[in-house]
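# Chains, contacts and geometry: an overview
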Amino acid sequence: MGRLTKGHLIEAAIFVGIVAIFYAYSFEFNQTIEIYIFGATAWPRVVLFLLLLAAAGNLYHQYCNGSESQGGILGAAAQQDSESLMADKTALLRMILVLLTPFVFAFLLRPVGIYFSAPFFIASVMIMFGERRWKAILIMTAIIYVTFIGLFLVVLNAPLPQGNMSPFYDFSAWMLKMNTQLRGLW
């Protein structure tokens, strides 16, 4: 079985189980849409397929390399045993912050909206994962944000939460107005 451990197989089984559950659930909203030929379940099933592909790729990598540290990858940390990692209070605090950040982001979507809060969420996650170069943080935040907005507004034409507080709502309205004017050019 190569370098696979029981933990690797359990991890793969969890991801396959998640894919199976959500795929089965996707039949509950499987309906046709006038403006989209593939129906309501096309994109969720594409994402599920990509998750399944990632799980298979991870399992293959673990089969070939086991749990070895990937020293050749930029930014890979030295391998530490789990006891010393949990003993370090700053690492535990960082892990808690990383896990709580998406909940804070989701809580702020209603009043602030995604158009304004997404860049701050992206930058904060990079900072929590240890990136300290401000130029790299700003450049990557801009690239991810423009890709995200371009994908949802231009390609998918999907509505995103706008927020309902005045300056944030105004910014969201400006973004949607710019999208409408951009679509008018085509």
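Before any of the text, the structure's been laid out above.
This structure is a prediction, so every number in the text was calculated from the model and none was measured.

The helix and strand tally for the protein chain stands at seven helices and zero strands. Buried residues in the protein chain amount to 20% of all 186 residues. Within the protein chain, contacts between residues separated by at least 24 positions form 58% of all contacts whose residues are at least 6 apart in sequence. Approximately 13,800 Å² of the protein chain is accessible, and the part contributed by carbon and sulfur atoms is 71%.

Another point: the side chain of His8. Residue placement: His8 occurs in helix 1 (residues 6-25). A relative accessible area of 6% means that His8 is categorised as buried. Only 3.0 Å separates the side chain of His8 from the backbone nitrogen of Thr5, close enough to count as a polar contact. In this view, His8 contacts Arg3, Leu59, Gln62, Gly66 and Ser67; residues no more than four positions away in its chain are not counted.

Quick look at the packing of helix 1 against helix 2 (residues 42-65) now. Between helix 1 and helix 2, whose axes approach to 10 Å, the crossing angle comes to 170 degrees. By the criterion of interaxial angle, the relationship of helix 1 to helix 2 is roughly antiparallel. The residues of helix 2 that touch helix 1, namely those facing His8, Leu9, Glu11, Ala12, Phe15, Val16, Ile18, Val19, Phe22 and Tyr23, are Arg45, Leu48, Leu51, Leu52, Ala55, Asn58, Leu59 and Gln62. Looking at the contact of helix 1 with helix 2 residue by residue, the classes come out as 13 nonpolar, three polar and two charged.

All right, on to the environment of Asn58 then. Positionally, Asn58 belongs in helix 2. Of the residues examined, Asn58 reaches a relative accessible area of 28% and is grouped as partly exposed. Along the sequence, Asn58 and Glu11 sit 47 residues apart, while their C-alpha atoms lie 9.6 Å from each other. Within the structure, Asn58 has its side chain in polar contact with the side chain of Glu11 (distance 3.0 Å).

This part covers the packing of aromatic side chains. Scanning all chains against the criterion turns up four aromatic pairs. Measuring from ring centre to ring centre gives 4.4 Å for Phe105 and Phe121, while their planes differ by 20 degrees; the resulting arrangement is stacked. With Phe105 in helix 4 (residues 89-112) and Phe121 in helix 5 (residues 114-128), this residue pair connects regions lying 16 residues apart in the sequence. When the centroid spacing of 5.0 Å and the interplanar angle of 55 degrees are considered together, the rings of Phe148 and Phe152 count as tilted.

Our next topic: the nonpolar core. Ranked by internal contacts, the top residues of the largest apolar core, which has 14 residues, are Ile114, Tyr115, Tyr145, Ile149, Leu160 and Met175. Within the residue set of this core, elements represented by two or more residues are helix 4, helix 5 and helix 6 (134-155). Here this core gets six residues from one element, more than from any other, and that element is helix 5. Residues in contact with Tyr145, not counting those within four places in the same chain, are Tyr115, Ala118, Pro119, Ile122, Phe171 and Met175.

Another point: the pattern of salt bridges. Enumeration over the complete set of coordinates arrives at one salt bridge. Of the charged contacts in the structure, one is a salt bridge between Arg133 and Glu131, with a shortest N-O distance of 2.7 Å.

Here we take up helix 5. Between its first and last C-alpha atoms helix 5 spans 20 Å; for 15 residues at 1.5 Å apiece the expected length is 21 Å, and the two agree. Those residues of helix 5 that sit buried are Ile114, Tyr115, Ser117, Ala118, Ile122, Ala123, Met126 and Met128. Residues of helix 5 that are buried in the fold lie against helix 4, helix 6 and helix 7 (166-185). One or two steps after helix 5, the chain reaches Gly130, where phi turns positive at roughly 105 degrees.

Positionally, Ser26 belongs in the loop between helix 1 and helix 2. Only 2.6 Å separates the side chain of Ser26 from the backbone oxygen of Tyr23, close enough to count as a polar contact. Look past the residues within four positions of Ser26 in its chain and what remains in contact with it is Thr41 and Arg45.

Cut-offs applied
Residue indices follow the written sequence of each chain, beginning from 1 at its first position. Local features are withheld for residues below a pLDDT of 70 in this predicted model, meaning they are given only at 70 or higher, and side-chain atom pairs are given and counted only at 80 or more; totals for whole chains, interfaces and linings count all residues. Hydrogen atoms and water are omitted, and side-chain values are computed over all heavy atoms in the structure. Secondary structure elements are defined from DSSP: runs of H or I of at least 4 residues count as helices, runs of E of at least 2 residues count as strands, and each element is numbered from the N terminus. Exposure categories follow from relative accessible area, calculated using a 1.4 Å probe and restricted to protein chains: below 20% of the type maximum is buried, above 50% is exposed, and the middle band is partly exposed. Contacts are residue-level and defined by heavy atoms, with any inter-residue pair within 4.5 Å sufficient. Accessibility throughout is a Shrake-Rupley quantity obtained with a 1.4 Å probe, and a residue counts as covered only by protein chains that appear here. Counting of polar contacts relies on pairs of N or O atoms within 3.5 Å, with two restrictions inside protein: one atom must be capable of donating a hydrogen and the other of accepting it, and residues adjacent in sequence are counted only when both atoms are side-chain atoms. Where helices are involved, their axes are fitted lines through C-alpha atoms of the stretch in contact, as for all axes, and angles between N-to-C directions lie from 0 to 180°. Any angle from 65 to 115 degrees is called roughly perpendicular, while one under 35 is roughly parallel, one over 145 is roughly antiparallel, and all others are oblique. For this classification, the nonpolar set comprises Ala, Val, Leu, Ile, Met, Phe, Trp, Tyr, Cys and Pro, the charged set comprises Asp, Glu, Lys and Arg, and every other residue, Gly included, is treated as polar. Between the rings of Phe, Tyr and Trp (Trp by its six-membered ring), a pair exists once the centres lie within 6.5 Å; its type follows the angle of the planes, with under 30 degrees stacked, over 60 edge-to-face, and the other angles tilted. Here, the term nonpolar core denotes a set of buried Ala, Val, Leu, Ile, Met, Phe, Trp, Tyr and Cys residues that are joined through side-chain atoms within 4.5 Å. Any Lys or Arg side-chain nitrogen found within 4 Å of a carboxyl oxygen on Asp or Glu counts as a salt bridge. Helix span is expected to be 1.5 Å times the residue number reduced by one.

Without other data, these values stay purely geometric and don't point to any function.
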